[in-house]
Amino acid sequence: MIAAPGSTLWLLRYELLLSWRRMMQRRGRGRFARIWLTAILPLILLCSAGLPLGFVLRGKQVPIVPVTSLVAAAALVMLFTLMLSQTLGAAVDALYERGDLDLLFSSPLPPRKALTARFLSVAVGAFGIFGMILTPILLPIAVMGHPSWLAAILVLFCVALAASGVGLLLAAGLFRLIGPRRTRTVGQVLAALIGAAFFLVAQARNILGGPQTATLAATVVKLSHDPRFHAPPGLSWPLRALLGEPLPLLAAFGVSGAIFLTANQLLGARFAADAAAAAGVGTAGRARARRAGPVRFAATAFTATLVKELRLIARDPALIAQVMLRVLYMIPLAFVLLRQARNGQSVFLPGSAAALSLLASQVAGSLAWITISAEDAPDLLSCAPTPIRTLRRAKIAAAILPVAAMLAPLLLPLAVFAPLTALAATLGCAASMTMAALMNLWWQRPGKRSEMRRQRASAWYVTLAELVLGLLIAAATALVAAGLFGWALIPAVLALAGVLMLSRTDAQIAQALRAAS
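What this report covers is the structure whose coordinates are included nearby. (Residues numbered from 1 in each chain as written. Predicted model: local features only at pLDDT ≥ 70, side-chain atom pairs only at ≥ 80, totals over all residues. Heavy atoms only, no water.)

### Here we look at helix α18 (residues 388–417)
Within an α-helix, residues lying three or four positions from one another point in the same direction, as the helix has 3.6 residues per turn.
Then, in step 1: In a regular helix each residue adds 1.5 Å, so 30 residues correspond to 44 Å; α18 covers 43 Å between its end C-alpha atoms and thus fits that length.
Then, in step 2: Along its length, α18 reaches its greatest deviation from straightness, about 40°, at A408, and the proline P409 lies no more than four positions downstream. (Helix = DSSP H or I, 4+ residues; strand = E, 2+ residues; numbered from the N terminus. Expected span 1.5 Å × (residues − 1). Bend = angle between axes of the 7 residues up to and from the residue.)

Pasting the structure below:
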């Protein structure tokens, strides 16, 4: 027995076991991919990274100088932002998805003990992913002469502990500021923003422009070699903790433990009240709906379906968080394209326009997948006195319009500086978004919206076809932006041929849906 029944470790064991079962019970090919990833990835990292690094670093010591201290500190900050994104999302899920805190608090166990186990499971979950990557790399290095480097695993857990404490405090703070209804959406979006924060900071100079673009790593190295740079006190402590020095390692445990215990003490019963408020969000929403004024119906079935799909997209925080990550990569790329056009960097314009069209297809594909396949009332729509083509066109429009609205303010200024590139990017984005939406229409996989939040992927052949056709459209976009119209016809015709070959009639779609059901 790992721990006595009723202890914190005993509760933690079952929290982790429940999390593992939920992950393994998810449907689709993603389940087998996760199993293979858990089993094979550590072995791959051991052979490809751990053993070579162990031989290279054997007998060598890491110098504690400003450049290595800055790199170590930057790496830990990056890990903290990634873990904070994960723990914030886990805290929001604990409030909205689990719904078992009332049962735990009515048990003979002390509420503080149940909350501590729940919070620790969030930290262990964040640590597990990164620990699975780091451990196979560190083990050969430790065996071949650097056993103290195993302290990096302990530092990684300290980062996860601090990130879980901050994530839980952020979730509780959102409840206090904006209430339970908005916390679900804002929390998921904020988690996506934090997850991409390090990328955005690293690319800030490229996005905003400057006399010379540079990566964040190059900037750190240049700063450390600047004679005017004076390292602040304690800058080397993260590196010393990673290398196993006792005092910095104890300081890491002290800081992370203080953050976690502070969150645990401050939240307490307030976290339970937040969970109860979250559980009543749906009831409160229905009560407000009953008190609302008269309902206004849309003029046409197309408009009604379009408005309905757009509202469902806006109300789905899981979908917003999923799409937000791709949007966060698409918008900086559009700014880079605009800056290149303004500065006359015509050499890079075709590639940037092609990448923008490819990202636009990915975002539109995600939205089309949820609007078409995740219909909660397909039988009701099939019995409606409206042609099915009208309803499907509305769903496609609902998937494309949000992406077009995000791209329009970025592509319109581009037409002033580089009209040909703006035309190519506009046509490429329109073609790629339409292709992605049609692929999800022709090869749809019906399912409940609640299941789609756990299984965020289309069929593998649809994903592969979208990627190949998106690459062809991106190639045509780049060639048009470069002024090579004749060469652009080759990938354009191939993409059109691929779309026509994969197209389906309404009768074929209906037959496939009947067979799937």
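Read on for the rest.
### With respect to the packing of aromatic side chains
Then, in step 1: This structure, assessed with the given rule, holds one aromatic pair.
Then, in step 2: Judged by centre distance (5.6 Å) and plane angle (85°), the rings of F127 and F157 are edge-to-face. In this pair, F127 is assigned in helix α5 (residues 111–143) and F157 in helix α6 (residues 151–195), connecting sequence segments 30 residues apart.
Then, in step 3: In this structure F127 comes out as buried when scored by relative accessible area, which is 18%.
Then, in step 4: For F157, a relative accessible area of 24% puts it in the partly exposed group. (Phe/Tyr/Trp six-rings, centres within 6.5 Å; stacked < 30°, edge-to-face > 60°. Buried < 20%, exposed > 50% of the residue type's maximum accessible area, 1.4 Å probe, protein only.)

### A short note on the environment of G351
Then, in step 1: Looking at the secondary structure, you find G351 in helix α16 (residues 349–373).
Then, in step 2: Residue class for G351 comes out partly exposed when judged on its relative accessible area of 45%.
Then, in step 3: Measuring from C-alpha to C-alpha, the distance between G351 and A478 comes to 5.8 Å, with 127 residues separating the pair along the chain.

### Quick word on the nonpolar core
Then, in step 1: In terms of nonpolar packing, the biggest core is built from 42 residues, with L76, L79, M83, F119, V155, L156 and L242 touching the most fellow members.
Then, in step 2: At the level of elements, α2 (29–56), α3 (66–98), α5, α6, α10 (237–242) and α11 (246–267) are the ones that each hand at least two residues to this core.
Then, in step 3: It is α6 that provides the largest number of residues to this core, a total of 14 residues.
Then, in step 4: Apart from residues lying up to four places away in sequence, L76 is in contact with V155, V159, P238 and L242. (Core = buried A, V, L, I, M, F, W, Y, C linked by side-chain atoms within 4.5 Å. Contact = heavy atoms within 4.5 Å.)

Distances and angles like these do not, on their own, reveal function.
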